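Architecture at a glance
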Amino acid sequence: MFSRSSLERGGVLALRLIAMGALVAAGPCDIYSSGGTPCIAAHSTTRALYNAYTGSLYQVKRGSDGAVTNIAPLSAGGVANAAAQDSFCAGTTCLITIIYDQSGRGNHLTQAPPGGFKGPEANGYDNLASATGAPVTLNGQRAYGVFVSPGTGYRNNAPSGTAKGDAAEGMYAVLDGTHYNGDCCFDYGNAETNNLDTGNGHMEAIYFGDSTAWGSGSGSGPWIMADLENGLFSGSNPKNNAGDPSISHRFITAVVKGGPNKWALRGANAASGSLSTYYSGARPSASGYNPMSKEGAIILGIGGDNSVSAQGTFYEGVMTSGYPSDATENAVQANIVAAKYATTSLTSGPALSVGSSISLRATTACCTTRYLAHSGATVNTQVVSSSSSSTTLKQQASWTVRAGLGNSACFSFESRDTPGSYIRHYDFGLVLNANDGSKQFREDATFCPQAGLNGQGSSSIRAWGYPTRYFRHYDNVSYVASNGGVHTFDAAGSFNDDASWVVSAGFA
Ligand SMILES: *[C@@H]1O[C@H](CO)[C@@H](O)[C@H](O)[C@H]1NC(C)=O
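Residues numbered from 1 in each chain as written. Predicted model: local features only at pLDDT ≥ 70, side-chain atom pairs only at ≥ 80, totals over all residues. Heavy atoms only, no water.

The next subject is the packing of aromatic side chains. Within this structure, the stated rule accounts for 17 aromatic pairs. Aromatic side chains Phe-233 and Tyr-289 sit 4.8 Å apart centroid to centroid with 65° between the ring planes, which places their arrangement in the edge-to-face category. With a gap of 56 residues between them, Phe-233 in strand S15 (residues 232-233) and Tyr-289 in the loop between strand S18 (276-281) and strand S19 (297-300) connect regions that are remote in the sequence. Residues Phe-233 and Tyr-289 agree in their burial class; the two are buried. Ring plane angle 75° and centroid distance 6.4 Å describe the contact between Tyr-422 and Phe-441, whose orientation is recorded as edge-to-face. Within this pair, whereas Tyr-422 is found in strand S27 (residues 421-426), its partner Phe-441 is found in helix H6 (residues 439-444), the two being separated by 19 residues in sequence. For Tyr-422, a relative accessible area of 9% corresponds to the buried category. Three or more aromatic residues joined by ring pairs make a cluster, and in this case those are Phe-251, Tyr-315 and Tyr-341. The residue whose ring lies beneath Arg-62 is Phe-88, and the NZ or CZ to ring-centre distance is 4.1 Å. The side chain of Arg-250 reaches across the aromatic face of Phe-251, ending 4.4 Å from its centre. (Phe/Tyr/Trp six-rings, centres within 6.5 Å; stacked < 30°, edge-to-face > 60°. Helix = DSSP H or I, 4+ residues; strand = E, 2+ residues; numbered from the N terminus. Buried < 20%, exposed > 50% of the residue type's maximum accessible area, 1.4 Å probe, protein only. Lys NZ or Arg CZ within 6 Å of the ring centre and 35° of its normal.)

This is how it looks when you write it as structure tokens:
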């Protein structure tokens, strides 16, 4: 028999599972089980996390009629059936309503309720994620992650089997290392059961972002840290751990584990290589964290008190019972690398070419002579004609296509008559502002065209950072609107037409 302390143990376990007769490689939760620290929650919209799992991965709800459907893996242990989602959601919008727990314990994640902070829905609940905001491929097969914009969150306040008090647990998540912010708090893991901040040590969750309000690591971030409530921790010192590096990988594996007066923070490139340990040792040297007072709810995308200001993208993650060995986690990392996460196109429909000038014509029956234009800083629609309009108006209705300022896989639209100024969304309106170079501006000025919701060879233009929201004209003013959302301009009536635009060569 191999030694329990062998660094190779995790890998040997994974191989042993194969040797034991399973012809497919072990999934992450099979590996945790073999290590004696089974998953008690397993969430992923991209793939099955047990080699035998064939059940539902997640549920989507479409905007056209409110119908829902469940998305399962293509085969046992396989990648999500994204084609089933694409066909169910064709010609409309879709939201992720449930992220199912694959562990068999029923620890599903659903729309997070209001807490210390309220969500943006009319009832104070958080927003649900777009089902199409985070496309990726796994071993070449298309799947969708969970794109969390500020205001989006999922929760389960009554799960079974999660760690409580000072009990030991482990967790990992695969995230987009390029999608983050410094606001509180993009988390996945253990939190309060009442949506309120109940004190130090009442949480133990993975955090990813570049907040410096509590702890930090080396460089300027973003960092993997642990949200232990009333603090994001990178190590023992509540303020800083120089051993916690800034992250720059597109796909990252983030690991947090904690037990009686010990915890660890680990991380890796989820597409290659192995886990590094950024911290392993005693609990933070601040009161309330030893012993811990974990409550056992599960959160995704928010803080324990429903702080909803953060952004990030989640692909998969689990929580375990017991403190997983490093070797077990190393074998899980090898499994994640073998899943081959990779980027794929964020756009579809009529192609745009960078550097060209375009005009965007409304397609709603009322307004087919109107084009997206600006009057000063206001972006609206105006009636424009190539034969009779002034040069000034033609220029106001023409936009130079640029590589997306916030993500070069999408686009930005620079004003033809005001170079250096771009269409951005601000407070849900579209405005024309000079590029101030900030991360916020660049992201708010980045849009991803897709095949138009109403067909007609049109394009619908999604806000990169808020993929439930599209360019929409409403009373001839333009917004980023979500189908059936809480604002007047989100109204579901004529949404598809109002959010579909015919792209042509620019007037000027
Ligand atoms: C919007 O434009 C349409 C078509 O040009 C026009 O009939 C309508 O009065 C305008 N509505 C507003 C609120 O300006």
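On to the site of the ligand, then. Taken together, Cys-366, Arg-370, Asp-475 and Asn-476 make up the full set of residues adjacent to the ligand. Arg-370 places a side-chain nitrogen or oxygen 2.8 Å from an oxygen atom of the ligand. For the ligand, an oxygen atom lies 2.5 Å from a polar atom in the side chain of Asn-476. Contact with the protein chains removes 42% of the 360 Å² of surface that the ligand exposes when unbound. (Near = heavy atom within 4 Å. Polar contact = N/O pair within 3.5 Å; in protein donor to acceptor, adjacent residues only side chain to side chain. Areas by Shrake-Rupley, 256 points an atom, 1.4 Å probe, with all protein chains shown as cover.)

To continue, consider the environment of Ala-271. Checked against the element boundaries, Ala-271 lands in the loop between strand S17 (262-269) and S18. Ala-271 sits in the partly exposed class, given a relative accessible area of 35%. On a C-alpha basis, the gap between Ala-271 and Phe-251 in space is 6.3 Å, while along the polypeptide they are 20 residues apart. For Ala-271, the contacting residues outside a window of four places in its chain are Phe-251, Val-337 and Tyr-341. (Contact = heavy atoms within 4.5 Å.)

A complete count under the given rule lists five disulfides for this structure. Residue pairing for Cys-410: its cysteine sulfur links by disulfide to Cys-448, the two sulfurs lying 2.1 Å apart. Measuring the twist about the S-S bond at about 95°, one finds the Cys-410-Cys-448 disulfide to be right-handed. Residue Cys-410 is located in the loop between strand S25 (399-403) and strand S26 (411-415), and its partner Cys-448 is located in strand S29 (residues 447-451); the two are separated by 38 residues in the primary sequence. Each of the two residues, Cys-410 as well as Cys-448, counts as buried. Cysteine pairing in the protein follows 1-2, 3-4, 5-6, 7-8, 9-10, where each cysteine in a disulfide is numbered by its order in the sequence. (Disulfide = S-S within 2.5 Å.)

Pairing within the open sheet is antiparallel, and its three strands lie in the order S8-S7-S21. Taken across any chain shown, the strands that pair with only one partner, and hence form the sheet edges, are strand S8 (141-144) and strand S21 (341-343). Between one strand axis and the next, the sheet turns through 45° on average, direction left out of account. For strand S7 (residues 135-138) and S8, the ladder comprises four bridges, and the chain directions are antiparallel. Across the sheet, residue Val-136 finds its bridge partner in S8, namely Ala-143. (Pairing = 2+ DSSP bridges. Axes fitted to C-alpha atoms, helices over the stretch in contact; angles between N-to-C directions.)

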